[in-house]
Amino acid sequence: LLIKMIELKKVAAQMAAVLLFSGSVAFITNTARDDRLPLVMPFPPSYQCPSSERPGVPVNVQQALAFFGKQGIAFVDARKKVAFEQGHIEGALHIPYSFVEPLSKETLDRLRHFKVIIVYCNREDSEASKLLAGEIAQAGIRRAVYLETGFIGWVKAGGRYTGAGPGSYDESTL
Amino acid sequence: MSFFTTMRQFISQPLFTALLRVALGAVFIVASLDKIQNPEAFATTIANYRLLPYTVINGIAIMLPWLEVIAGTFLVLGVWIRANTMIVGALLLVFSIAIAQALVRGLDISCGCFTTNPVAETMSFWTLIWDLIWLSWGILIWIFDRGHYSLCKVFTAGKEKIVSK
């Protein structure tokens, strides 16, 4: 048993050496090359959605206001829970965008009942709403669009909402 | 003599285990080359699995191909066989889990095992089977390879000859 323990310790030390050596070579090489990768992937990450359908398209706030309250129209809030709980477009569904976790079959089945799905975040340049609308569209629900101006633009244009206005929101909540 | 005893005798032959080790090392070397050349495409391939937060993907895309090529080369040469078999085995286990979860979730993505081209290699059940086959090679190497036909053995044999003279 003692010999086995010594052998395993030796193997662990050798593994650590290989890992350390590989890591050093990898990061030195990456730093030296012209097409080096940043150590942290910028958001939004480029990735392939589960199917080859077309991604979602933008909708402006006036079009969204015209859709509001009509049957078969769903507003989907793609922001984090804390932002949704602070305030959201009246009657909106909360489906926070997650890069790691694709939309479940149950969620997609729930969304299939709507004629138009308008996904929104806080700001005009928020990426999560575009990504989520794209993901919904690529799952085969073609009438998924994202609100260009986000929740902030919606409130400015006089759209109805529940909870607090978006003025005090933390930028990181998308 | 039973079938299993015969098989065990065959598998434990130094030449057979050495061939398995060289083959597994070669698989890893070949698998790493395109990833080293195209780190950005490889980062996208990892992102497609949607298994890891995007913040760690680039770090893995930078390091993983080099770990593959170095561990693979060491296996081919027979340097630190058990340590490198353990690394390669752990990688294969992680790859198998990643592929299995992608298949279960129905992600229509490329495996990215040997090429970073997203349309060249569509993932299938066979991708997982191959990973498990290579993992079984790793287990056999861990159990039976005693360093025959390795660089270390060549050096040791050389030293022994000098001492005996």
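See the structure printed just above.
Calculation notes
Residues numbered from 1 in each chain as written. Chains lettered and ligands numbered in written order. Predicted model: local features only at pLDDT ≥ 70, side-chain atom pairs only at ≥ 80, totals over all residues. Heavy atoms only, no water. Core = buried A, V, L, I, M, F, W, Y, C linked by side-chain atoms within 4.5 Å. Buried < 20%, exposed > 50% of the residue type's maximum accessible area, 1.4 Å probe, protein only. Helix = DSSP H or I, 4+ residues; strand = E, 2+ residues; numbered from the N terminus. Contact = heavy atoms within 4.5 Å. Buried area = accessible area lost by both parts, 1.4 Å probe. Salt bridge = Lys/Arg side-chain N within 4 Å of Asp/Glu carboxyl O. 1 Å grid on protein atoms, 1.4 Å probe; cavity = no way out; pocket = protein on both sides within 12 Å on 5 of 7 lines; lining within 4 Å. Points joined across faces, edges and corners; volume = space filled by probe spheres on them. Nonpolar A, V, L, I, M, F, W, Y, C, P; charged D, E, K, R; others polar. Pairing = 2+ DSSP bridges.

J.: Give me the lowdown on the nonpolar core, citing residues and values where you can.
T.: Judged by nonpolar contacts, the single largest core of 53 residues is most densely connected at A:Val76, A:Leu111, A:Ile117, A:Val119, A:Leu132, A:Ile136 and B:Leu24. The biggest single contributor to this core is helix α4 (residues 54-77) of chain B, with 10 residues. Not counting residues within four places of it along the chain, the set of residues in contact with A:Leu111 comprises A:Val76, A:Leu93, A:Ile95, A:Ile117, A:Ile136 and A:Ile141. Counting residues in each nonpolar core, the second largest holds 14 residues, with A:Phe75, A:Ile89, A:Phe151 and A:Trp154 among its members.

J.: Please give an account of the interface of chain B and chain A that cites residues and values.
T.: Each partner contributes to the interface: chain B provides 37 residues, whereas chain A provides 37 residues. For the chain B and chain A pair, buried surface summed over both sides reaches about 3300 Å², with 68% attributable to carbon and sulfur atoms. Three residues, B:Arg50, B:Tyr54 and B:Ile62, lead the burial of chain B against chain A; their summed loss comes to 24% of the area buried on that side. Linking chain B to chain A there are 2 salt bridges. The salt bridge involving A:Glu135 is made with B:Arg50; its shortest N-O contact spans 3.2 Å.

J.: Break down the pattern of salt bridges for me, citing the residues and quoting the values.
T.: Residue and element names in this part refer to chain A. Per the counting criterion, the structure on display carries 10 salt bridges over all chains. The partner of Glu-85 in a salt bridge is Lys-81, and the shortest N-O contact between them spans 3.9 Å. Placement of both Glu-85 and Lys-81 in helix α3 (residues 81-86) is noted, with a separation of 4 residues, approximately one turn of the helix. Classification of Glu-85 as exposed rests on a relative accessible area of 55%. In the salt-bridge network here, residues are joined through shared partners; they are Lys-105, Asp-109 and Arg-112.

J.: Break down empty space enclosed by the protein for me, with residues and values.
T.: Scanning the entire structure with this criterion turns up 1 cavity of 30 Å³ or more. There is about 70 Å³ of room inside the largest cavity. If you trace the largest cavity, you find it lined by A:Ala26, A:Thr29, A:Asn30, A:Arg33, B:Lys35, B:Ile36, B:Pro39, B:Ala61, B:Ile62, B:Pro65 and B:Trp66. Within the residue set of the lining of the largest cavity, elements represented by two or more residues are α1 (2-32) of chain A together with α2 (14-37) and α4 of chain B. Partitioned by chemical class, the residues of the lining of the largest cavity number 7 nonpolar, 2 polar and 2 charged.

J.: Any chance you could break down the pairing of strand β6 (residues 144-147) of chain A for me, citing the residues and the numbers?
T.: Residues and elements named next belong to chain A. Both faces of β6 are covered, namely the face carrying Ala-144 and Tyr-146 and the face carrying Val-145 and Leu-147. The sheet contact formed by strand β1 (residues 57-59) and β6 spans 3 bridges and is parallel. Among the inter-strand pairings, Val-59 is bridged to a residue of β6, identified as Leu-147. Bridge count between strand β5 (residues 116-120) and β6: 3 bridges; the pairing is parallel.

J.: Requested: an account of the side chain of B:Glu68, with residues and values cited.
T.: Locating B:Glu68 in the fold gives a position in helix α4. The contacts of B:Glu68, once residues within four sequence positions are left out, are B:Phe28, B:Ala31, B:Ser32, B:Lys35, B:Leu91 and B:Phe95.

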